[in-house]
Amino acid sequence: MAAAYNIPVTLTPHSRLGSVDFSNLPFGKVISDHMFVVDYEDGQWINPRIEPFAKMEMSPANLALHYGQSIFEGMKATKRHGEPVLFRPEMHARRLNISAERMCMPTLPEDLFMTGLKMLIELDKDWIPAENDHALYIRPLMFATDEWFGVHASEKYKFLIFTGPVGPYYPKPVKLWVEEVFTRAAQGGSGEAKCAGNYGASLLPAQRAKKNGYDQVMWMDSVEKKYVQEVGTMNLFFVMDNRIITPATTGTILRGVTRDSFITLLKDWGYTVEDRLLSISEIYDAHWRGTLQECFGAGTAAVVSHVSDITWRDRKIELPPVDAANRPVATRLKAYINDLRMGLVEDEYGWLESCINSGVMAQVQEETV
Ligand SMILES: *Cc1c(COP(=O)(O)O)cnc(C)c1O
(Lines give C-alpha, C1' and ligand atoms only; values in the text may rest on other atoms or scores of the structure.)
Protein backbone atom coordinates (compact mmCIF):
# COMPACT_ATOMS: atom_id res chain seq x y z
CA MET A 1 0.00 0.00 0.00
CA ALA A 2 3.10 2.21 0.07
CA ALA A 3 3.38 5.35 -2.02
CA ALA A 4 -0.33 5.80 -2.63
CA TYR A 5 0.22 9.16 -0.99
CA ASN A 6 3.25 11.39 -1.04
CA ILE A 7 3.68 12.49 2.55
CA PRO A 8 6.74 14.71 3.03
CA VAL A 9 8.38 14.64 6.44
CA THR A 10 9.92 17.64 8.18
CA LEU A 11 11.96 16.43 11.13
CA THR A 12 12.15 18.43 14.32
CA PRO A 13 15.60 19.99 14.73
CA HIS A 14 15.37 19.50 18.50
CA SER A 15 13.83 16.26 19.73
CA ARG A 16 12.31 16.64 23.19
CA LEU A 17 12.60 12.92 23.86
CA GLY A 18 15.69 13.23 26.07
CA SER A 19 13.96 15.61 28.48
CA VAL A 20 10.95 13.38 29.19
CA ASP A 21 10.67 11.62 32.54
CA PHE A 22 9.12 8.31 31.53
CA SER A 23 8.54 7.39 35.16
CA ASN A 24 6.14 10.33 35.56
CA LEU A 25 3.65 10.68 32.71
CA PRO A 26 0.48 12.50 33.76
CA PHE A 27 -2.20 11.61 31.19
CA GLY A 28 -2.24 14.06 28.28
CA LYS A 29 0.57 16.33 29.40
CA VAL A 30 3.55 15.00 27.44
CA ILE A 31 3.42 15.34 23.65
CA SER A 32 5.75 13.63 21.17
CA ASP A 33 7.93 15.31 18.54
CA HIS A 34 5.85 15.11 15.36
CA MET A 35 2.32 15.39 14.03
CA PHE A 36 0.51 14.36 10.86
CA VAL A 37 -1.47 17.16 9.22
CA VAL A 38 -3.89 17.27 6.26
CA ASP A 39 -5.89 20.26 5.02
CA TYR A 40 -9.30 20.25 3.38
CA GLU A 41 -10.06 22.89 0.76
CA ASP A 42 -12.21 23.11 -2.36
CA GLY A 43 -13.76 19.74 -1.63
CA GLN A 44 -10.47 17.84 -1.31
CA TRP A 45 -8.00 16.67 1.28
CA ILE A 46 -4.64 18.18 0.27
CA ASN A 47 -1.08 18.55 1.38
CA PRO A 48 -0.71 15.61 3.80
CA ARG A 49 2.55 16.00 5.70
CA ILE A 50 4.44 15.15 8.85
CA GLU A 51 5.98 18.06 10.68
CA PRO A 52 7.23 19.01 14.15
CA PHE A 53 4.48 19.33 16.76
CA ALA A 54 4.02 23.08 17.14
CA LYS A 55 1.49 25.77 17.98
CA MET A 56 -0.79 26.87 15.16
CA GLU A 57 -2.09 30.28 14.26
CA MET A 58 -5.84 30.62 14.35
CA SER A 59 -8.31 33.36 13.53
CA PRO A 60 -10.63 34.37 16.37
CA ALA A 61 -13.39 33.87 13.80
CA ASN A 62 -12.41 30.19 13.39
CA LEU A 63 -15.69 28.39 12.97
CA ALA A 64 -14.89 25.39 15.17
CA LEU A 65 -14.58 27.68 18.19
CA HIS A 66 -18.02 29.16 17.61
CA TYR A 67 -20.22 26.32 16.43
CA GLY A 68 -18.42 23.19 17.48
CA GLN A 69 -17.45 21.34 14.31
CA SER A 70 -14.74 19.41 16.08
CA ILE A 71 -14.34 15.64 16.41
CA PHE A 72 -11.61 13.36 17.71
CA GLU A 73 -10.45 9.81 18.31
CA GLY A 74 -8.34 8.13 20.96
CA MET A 75 -6.27 4.97 20.54
CA LYS A 76 -2.97 3.47 21.63
CA ALA A 77 0.29 2.16 20.22
CA THR A 78 2.44 -0.27 22.16
CA LYS A 79 5.54 -2.34 21.50
CA ARG A 80 5.17 -6.03 20.76
CA HIS A 81 8.66 -7.49 21.18
CA GLY A 82 10.09 -4.10 20.23
CA GLU A 83 7.86 -3.61 17.20
CA PRO A 84 5.33 -0.74 17.26
CA VAL A 85 1.75 -1.97 16.95
CA LEU A 86 -1.68 -0.34 16.90
CA PHE A 87 -4.86 -1.83 18.35
CA ARG A 88 -7.71 -2.01 15.79
CA PRO A 89 -6.82 1.29 14.10
CA GLU A 90 -9.19 0.83 11.16
CA MET A 91 -12.15 0.86 13.58
CA HIS A 92 -11.02 4.28 14.76
CA ALA A 93 -10.66 5.51 11.16
CA ARG A 94 -14.20 4.35 10.43
CA ARG A 95 -15.62 5.86 13.61
CA LEU A 96 -13.95 9.19 12.86
CA ASN A 97 -15.85 9.23 9.58
CA ILE A 98 -19.14 8.36 11.29
CA SER A 99 -18.56 11.31 13.62
CA ALA A 100 -17.63 13.50 10.62
CA GLU A 101 -20.87 12.68 8.82
CA ARG A 102 -22.99 13.52 11.86
CA MET A 103 -21.22 16.86 12.30
CA CYS A 104 -21.54 17.74 8.60
CA MET A 105 -17.78 17.47 8.08
CA PRO A 106 -15.95 15.78 5.19
CA THR A 107 -14.90 12.16 5.61
CA LEU A 108 -11.21 11.32 5.37
CA PRO A 109 -10.10 8.42 3.13
CA GLU A 110 -9.39 5.56 5.51
CA ASP A 111 -6.18 4.63 3.68
CA LEU A 112 -4.88 8.19 4.11
CA PHE A 113 -5.67 7.98 7.84
CA MET A 114 -3.86 4.65 8.07
CA THR A 115 -0.85 5.68 5.96
CA GLY A 116 -0.24 8.91 7.89
CA LEU A 117 -0.87 7.20 11.22
CA LYS A 118 1.60 4.36 10.61
CA MET A 119 4.27 6.73 9.31
CA LEU A 120 3.88 8.99 12.34
CA ILE A 121 4.07 6.08 14.79
CA GLU A 122 7.09 4.55 13.11
CA LEU A 123 8.84 7.94 13.04
CA ASP A 124 8.20 8.59 16.74
CA LYS A 125 8.46 4.94 17.82
CA ASP A 126 11.07 5.78 20.45
CA TRP A 127 8.30 7.66 22.26
CA ILE A 128 6.41 4.40 22.84
CA PRO A 129 7.15 3.40 26.42
CA ALA A 130 8.29 -0.23 26.62
CA GLU A 131 7.10 -0.91 30.17
CA ASN A 132 4.08 -3.00 30.90
CA ASP A 133 0.84 -0.99 31.13
CA HIS A 134 2.41 2.03 29.41
CA ALA A 135 1.47 3.13 25.89
CA LEU A 136 1.70 5.86 23.34
CA TYR A 137 -1.70 7.54 23.33
CA ILE A 138 -2.78 8.72 19.87
CA ARG A 139 -5.08 11.65 19.31
CA PRO A 140 -6.57 12.11 15.81
CA LEU A 141 -8.54 15.34 15.53
CA MET A 142 -10.58 17.13 12.84
CA PHE A 143 -11.95 20.65 13.07
CA ALA A 144 -13.40 23.46 10.96
CA THR A 145 -11.07 26.24 9.82
CA ASP A 146 -13.33 28.69 7.95
CA GLU A 147 -12.65 32.20 9.15
CA TRP A 148 -16.04 33.86 8.93
CA PHE A 149 -18.63 33.43 11.59
CA GLY A 150 -22.04 33.26 9.96
CA VAL A 151 -23.61 29.95 11.05
CA HIS A 152 -22.74 27.46 8.34
CA ALA A 153 -20.93 24.18 7.75
CA SER A 154 -17.29 25.09 7.24
CA GLU A 155 -15.76 24.64 3.79
CA LYS A 156 -12.23 24.25 5.15
CA TYR A 157 -10.96 21.78 7.74
CA LYS A 158 -7.80 20.46 9.27
CA PHE A 159 -7.11 16.86 10.24
CA LEU A 160 -4.26 16.15 12.65
CA ILE A 161 -2.78 13.24 14.52
CA PHE A 162 -0.46 13.82 17.44
CA THR A 163 0.65 11.49 20.20
CA GLY A 164 1.94 11.38 23.75
CA PRO A 165 3.34 8.67 26.03
CA VAL A 166 1.10 7.69 28.94
CA GLY A 167 1.91 5.82 32.10
CA PRO A 168 0.04 2.99 33.73
CA TYR A 169 -3.54 3.92 34.35
CA TYR A 170 -4.42 2.29 37.65
CA PRO A 171 -7.77 3.83 38.26
CA LYS A 172 -9.19 3.52 41.73
CA PRO A 173 -12.51 1.74 41.70
CA VAL A 174 -15.02 4.41 40.77
CA LYS A 175 -18.03 5.64 42.71
CA LEU A 176 -20.88 6.35 40.35
CA TRP A 177 -23.69 8.87 40.63
CA VAL A 178 -26.83 8.04 38.63
CA GLU A 179 -27.55 11.37 36.94
CA GLU A 180 -31.22 12.22 36.45
CA VAL A 181 -31.12 15.99 35.99
CA PHE A 182 -28.60 16.34 33.18
CA THR A 183 -28.33 13.97 30.23
CA ARG A 184 -25.44 13.27 27.87
CA ALA A 185 -27.33 12.52 24.69
CA ALA A 186 -30.85 12.30 23.33
CA GLN A 187 -32.26 10.19 20.54
CA GLY A 188 -31.48 11.98 17.30
CA GLY A 189 -28.70 14.02 18.90
CA SER A 190 -24.93 13.64 18.64
CA GLY A 191 -24.34 10.99 21.31
CA GLU A 192 -22.93 8.49 18.85
CA ALA A 193 -20.39 10.98 17.50
CA LYS A 194 -17.07 11.46 19.27
CA CYS A 195 -17.46 15.23 19.14
CA ALA A 196 -16.06 17.99 21.33
CA GLY A 197 -19.50 19.33 22.22
CA ASN A 198 -20.58 16.13 23.97
CA TYR A 199 -17.68 16.61 26.34
CA GLY A 200 -18.34 20.32 26.90
CA ALA A 201 -21.86 19.49 28.05
CA SER A 202 -20.70 16.69 30.36
CA LEU A 203 -18.28 18.73 32.46
CA LEU A 204 -20.76 20.50 34.72
CA PRO A 205 -22.64 17.36 35.80
CA ALA A 206 -19.27 15.61 36.31
CA GLN A 207 -18.03 18.48 38.46
CA ARG A 208 -21.22 18.47 40.56
CA ALA A 209 -20.91 14.73 41.11
CA LYS A 210 -17.26 15.18 42.19
CA LYS A 211 -18.23 17.86 44.70
CA ASN A 212 -20.61 15.36 46.25
CA GLY A 213 -17.94 12.69 46.56
CA TYR A 214 -18.55 10.65 43.39
CA ASP A 215 -15.97 9.98 40.69
CA GLN A 216 -18.12 9.71 37.60
CA VAL A 217 -21.62 10.17 36.34
CA MET A 218 -23.71 7.24 35.16
CA TRP A 219 -25.76 8.68 32.31
CA MET A 220 -29.39 7.71 31.88
CA ASP A 221 -31.60 7.86 28.82
CA SER A 222 -32.91 11.37 28.28
CA VAL A 223 -36.63 10.51 28.07
CA GLU A 224 -37.54 8.30 31.03
CA LYS A 225 -34.27 8.42 33.02
CA LYS A 226 -34.77 4.72 33.31
CA TYR A 227 -32.22 3.04 31.05
CA VAL A 228 -28.50 3.06 31.78
CA GLN A 229 -26.32 4.52 29.00
CA GLU A 230 -22.60 4.84 29.75
CA VAL A 231 -20.27 6.40 32.27
CA GLY A 232 -17.95 9.36 31.83
CA THR A 233 -15.84 8.34 28.83
CA MET A 234 -16.49 4.61 29.02
CA ASN A 235 -19.06 2.04 28.02
CA LEU A 236 -20.60 -0.01 30.82
CA PHE A 237 -20.68 -3.74 31.55
CA PHE A 238 -22.56 -5.57 34.28
CA VAL A 239 -22.19 -9.17 35.40
CA MET A 240 -25.46 -10.43 36.88
CA ASP A 241 -26.44 -13.98 37.59
CA ASN A 242 -23.41 -15.15 35.56
CA ARG A 243 -24.64 -13.30 32.46
CA ILE A 244 -22.97 -10.22 31.04
CA ILE A 245 -25.09 -7.26 30.10
CA THR A 246 -24.01 -4.12 28.25
CA PRO A 247 -26.44 -1.33 27.29
CA ALA A 248 -27.45 -1.44 23.63
CA THR A 249 -26.04 1.25 21.34
CA THR A 250 -29.32 2.64 20.11
CA GLY A 251 -27.97 5.99 18.92
CA THR A 252 -27.23 7.73 22.20
CA ILE A 253 -24.18 5.72 23.27
CA LEU A 254 -20.68 5.96 21.85
CA ARG A 255 -19.79 2.71 20.10
CA GLY A 256 -16.55 1.88 21.88
CA VAL A 257 -13.82 -0.19 20.27
CA THR A 258 -13.08 -1.64 23.71
CA ARG A 259 -16.77 -2.51 24.13
CA ASP A 260 -16.81 -4.31 20.79
CA SER A 261 -13.59 -6.19 21.62
CA PHE A 262 -14.95 -7.26 25.03
CA ILE A 263 -18.19 -8.58 23.53
CA THR A 264 -16.20 -10.68 21.05
CA LEU A 265 -13.87 -12.05 23.74
CA LEU A 266 -16.62 -12.81 26.23
CA LYS A 267 -18.69 -14.72 23.67
CA ASP A 268 -15.62 -16.73 22.68
CA TRP A 269 -14.92 -17.49 26.33
CA GLY A 270 -18.38 -19.02 26.62
CA TYR A 271 -20.22 -16.27 28.46
CA THR A 272 -23.77 -15.27 27.69
CA VAL A 273 -23.57 -11.65 26.55
CA GLU A 274 -26.71 -9.55 26.36
CA ASP A 275 -26.46 -6.34 24.34
CA ARG A 276 -29.81 -4.74 25.22
CA LEU A 277 -31.69 -2.05 27.10
CA LEU A 278 -30.88 -2.25 30.79
CA SER A 279 -32.87 -0.33 33.40
CA ILE A 280 -31.45 0.99 36.63
CA SER A 281 -34.15 -0.84 38.59
CA GLU A 282 -33.04 -4.16 37.09
CA ILE A 283 -29.55 -3.48 38.46
CA TYR A 284 -30.92 -2.61 41.90
CA ASP A 285 -33.15 -5.69 41.87
CA ALA A 286 -30.15 -7.86 41.05
CA HIS A 287 -28.23 -6.29 43.91
CA TRP A 288 -31.03 -7.00 46.38
CA ARG A 289 -31.37 -10.56 45.16
CA GLY A 290 -27.62 -10.95 45.57
CA THR A 291 -26.91 -11.64 41.89
CA LEU A 292 -25.07 -8.42 40.95
CA GLN A 293 -21.48 -9.63 40.64
CA GLU A 294 -19.48 -7.02 38.74
CA CYS A 295 -19.77 -3.61 37.16
CA PHE A 296 -17.04 -1.94 35.12
CA GLY A 297 -16.38 0.73 32.54
CA ALA A 298 -14.61 -0.11 29.26
CA GLY A 299 -12.55 2.33 27.20
CA THR A 300 -9.17 2.83 25.54
CA ALA A 301 -7.60 4.90 28.32
CA ALA A 302 -8.02 2.53 31.28
CA VAL A 303 -9.20 -0.57 29.39
CA VAL A 304 -11.23 -1.48 32.50
CA SER A 305 -12.38 0.67 35.43
CA HIS A 306 -14.01 -1.27 38.24
CA VAL A 307 -17.05 0.27 39.88
CA SER A 308 -17.08 0.20 43.68
CA ASP A 309 -20.55 1.61 44.31
CA ILE A 310 -23.56 3.18 42.63
CA THR A 311 -25.86 5.81 44.08
CA TRP A 312 -29.34 6.31 42.62
CA ARG A 313 -31.31 9.04 44.37
CA ASP A 314 -30.77 8.26 48.07
CA ARG A 315 -29.93 4.58 47.61
CA LYS A 316 -26.34 3.49 47.47
CA ILE A 317 -25.39 -0.06 46.55
CA GLU A 318 -21.91 -1.47 47.01
CA LEU A 319 -20.26 -4.02 44.78
CA PRO A 320 -17.89 -6.70 46.06
CA PRO A 321 -14.41 -5.36 46.94
CA VAL A 322 -12.09 -5.14 43.97
CA ASP A 323 -9.73 -8.07 43.68
CA ALA A 324 -9.19 -10.77 41.08
CA ALA A 325 -11.33 -13.28 42.99
CA ASN A 326 -14.32 -10.95 43.17
CA ARG A 327 -13.97 -9.48 39.71
CA PRO A 328 -12.95 -12.39 37.50
CA VAL A 329 -14.56 -11.12 34.28
CA ALA A 330 -13.13 -7.58 34.35
CA THR A 331 -9.75 -8.84 35.53
CA ARG A 332 -9.50 -11.39 32.74
CA LEU A 333 -10.51 -8.87 30.07
CA LYS A 334 -8.01 -6.29 31.21
CA ALA A 335 -5.19 -8.80 31.40
CA TYR A 336 -5.99 -10.17 27.95
CA ILE A 337 -5.94 -6.76 26.26
CA ASN A 338 -2.74 -5.73 28.03
CA ASP A 339 -1.05 -9.04 27.23
CA LEU A 340 -2.14 -8.81 23.61
CA ARG A 341 -0.67 -5.34 23.29
CA MET A 342 2.65 -6.50 24.72
CA GLY A 343 2.77 -9.60 22.51
CA LEU A 344 2.31 -12.03 25.41
CA VAL A 345 -0.67 -13.74 23.78
CA GLU A 346 -1.24 -14.72 20.17
CA ASP A 347 -3.14 -12.14 18.08
CA GLU A 348 -5.93 -14.58 17.16
CA TYR A 349 -8.34 -11.90 15.99
CA GLY A 350 -5.88 -9.91 13.90
CA TRP A 351 -6.46 -6.84 16.08
CA LEU A 352 -2.86 -5.65 16.06
CA GLU A 353 -1.51 -3.69 13.13
CA SER A 354 2.25 -3.29 12.76
CA CYS A 355 3.78 0.12 12.04
CA ILE A 356 7.07 -1.01 10.58
CA ASN A 357 7.74 -0.56 6.87
CA SER A 358 5.36 2.39 6.79
CA GLY A 359 7.63 4.07 4.26
CA VAL A 360 8.52 6.91 6.60
CA MET A 361 12.21 5.99 6.87
CA ALA A 362 12.66 5.92 3.09
CA GLN A 363 10.89 9.27 2.90
CA VAL A 364 13.20 10.81 5.50
CA GLN A 365 16.27 9.40 3.75
CA GLU A 366 15.19 10.70 0.37
CA GLU A 367 14.66 14.16 1.79
CA THR A 368 17.96 14.33 3.61
CA VAL A 369 20.07 13.20 0.65
C1 LIG B 1 -14.24 7.26 23.38
C2 LIG B 1 -15.43 7.01 24.23
C3 LIG B 1 -15.73 5.75 24.77
C4 LIG B 1 -14.80 4.56 24.68
O5 LIG B 1 -14.51 4.18 23.39
P6 LIG B 1 -13.21 3.28 23.08
O7 LIG B 1 -13.22 3.19 21.60
O8 LIG B 1 -13.40 1.99 23.74
O9 LIG B 1 -12.04 4.03 23.63
C10 LIG B 1 -16.91 5.60 25.47
N11 LIG B 1 -17.74 6.64 25.67
C12 LIG B 1 -17.47 7.87 25.19
C13 LIG B 1 -18.43 8.98 25.44
C14 LIG B 1 -16.31 8.10 24.46
O15 LIG B 1 -16.05 9.33 23.99
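Throughout, residues of each chain are indexed from 1 in the direction in which the sequence is written. In view of the model being predicted, local features appear only for residues whose pLDDT reaches at least 70, and side-chain atom pairs are presented and counted only at 80 or more, with totals across whole chains, interfaces and linings using the full set of residues. Think of the side-chain values as coming from all heavy atoms in the structure, minus any hydrogens and water.

Draft legend 1. Broad picture of the site of the ligand. Contacts to the ligand come from 14 residues, most closely from K194, Y199, E230, T258 and T300. Identification of polar contacts relies on pairs of N or O atoms within 3.5 Å, with a donor-acceptor requirement for protein atoms, meaning one able to donate a hydrogen and the other able to accept it, and with residues adjacent in sequence counted only if both atoms are side-chain atoms. Within the side chain of Y199, an N or O atom sits 2.4 Å from an oxygen atom of the ligand. Between T258 and the ligand, the recorded distance is 2.6 Å, taken from a side-chain N or O atom to an oxygen atom. Accessibility throughout is a Shrake-Rupley quantity obtained with a 1.4 Å probe, and a residue counts as covered only by protein chains that appear here. With the chains in place, 96% of the 380 Å² that the ligand exposes on its own is no longer accessible. A run of H or I in DSSP counts as a helix once it spans at least four residues, and a run of E counts as a strand once it spans at least two, with each numbered from the N terminus. Going through the elements one at a time, strand 11 (234-240) and helix 5 (257-268) are the ones with two or more residues in the shell around the ligand. Residue polarity follows a fixed list, in which Ala, Val, Leu, Ile, Met, Phe, Trp, Tyr, Cys and Pro are nonpolar, Asp, Glu, Lys and Arg are charged, and the others, Gly among them, are polar. Class assignment for the residues of the shell around the ligand results in four nonpolar, six polar and four charged. We call a residue near a molecule or strand whenever a single non-hydrogen atom of that residue lies within 4 Å of it.

Draft legend 2. View of the domain arrangement of the chain. Marked domain ranges trace back to an automatic or database domain assignment. Domain annotation of the chain identifies domain 1 (2-169 + 349-368) and domain 2 (174-321). Summarising the inter-unit geometry, the C-alpha centres of domain 1 and domain 2 are found 29 Å apart. Tallying the contact residues gives 20 residues for domain 1 and 20 residues for domain 2. Buried area between domain 1 and domain 2, summed over both chains or domains, comes out near 1700 Å², and the portion from carbon and sulfur atoms is 64%. When the area that domain 1 buries against domain 2 is broken down by residue, the three leading residues are F72, R95 and Y349, summing to 31%. By definition here, a salt bridge exists when the distance from a side-chain nitrogen of Lys or Arg to a carboxyl oxygen of Asp or Glu is within 4 Å. Put simply, domain 1 and domain 2 have one salt bridge between them. The salt bridge partner of D260 is R88, with a shortest N-O separation of 2.9 Å. Across the domain 1-domain 2 interface, the total number found is 11 residue pairs in polar contact (both at pLDDT 80 or more). At five residues, the largest contribution of residues to the side of domain 1 that touches domain 2 is made by helix 2 (residues 89-102). Its residues assigned to classes, the side of domain 1 that touches domain 2 comprises 11 nonpolar, four polar and five charged. Residue contacts are counted whenever heavy atoms from the two residues lie within 4.5 Å of one another. When two parts are brought into contact, each loses some accessible area as probed by a 1.4 Å sphere; the total of that loss over both is the buried area.

Draft legend 3. Quick look at the packing of aromatic side chains. Paired rings are identified among Phe, Tyr and Trp, the last through its six-membered ring, by centres lying within 6.5 Å, and are further divided according to the angle between planes into stacked (under 30 degrees), edge-to-face (over 60) and tilted (the rest). Evaluated as defined, the whole model comprises 16 aromatic pairs. When the centroid spacing of 6.3 Å and the interplanar angle of 80 degrees are considered together, the rings of F36 and F159 count as edge-to-face. Linking F36 in strand 1 (residues 34-41) with F159 in strand 7 (residues 157-166), this pair joins segments that are 123 residues apart in sequence. With respect to class, F36 is no different from F159; both count as buried. When the ring of W269 is compared with that of Y336, the centres are 5.7 Å apart and the planes differ by 70 degrees; the resulting orientation is edge-to-face. Of this pair, W269 sits in the loop between helix 5 and strand 13 (272-276) while Y336 sits in helix 7 (residues 328-342); the two residues are 67 residues apart in sequence, bridging distant segments of the chain. Aromatic rings pair up to connect F36, F113 and F159 into one cluster. In this structure, R332 packs its charged tip against the face of W269, placed 3.8 Å from the ring centre. Just above the ring of F87 sits the side chain of R341; from NZ or CZ to the centre is 4.9 Å. Here the term buried applies to any residue with accessible area under 20% of the maximum for its type, exposed to any over 50%, and partly exposed to those in between, with areas from a 1.4 Å probe on protein chains only. Charge over a ring is defined by NZ of Lys or CZ of Arg lying within 6 Å of the ring centre and within 35 degrees of the ring normal.

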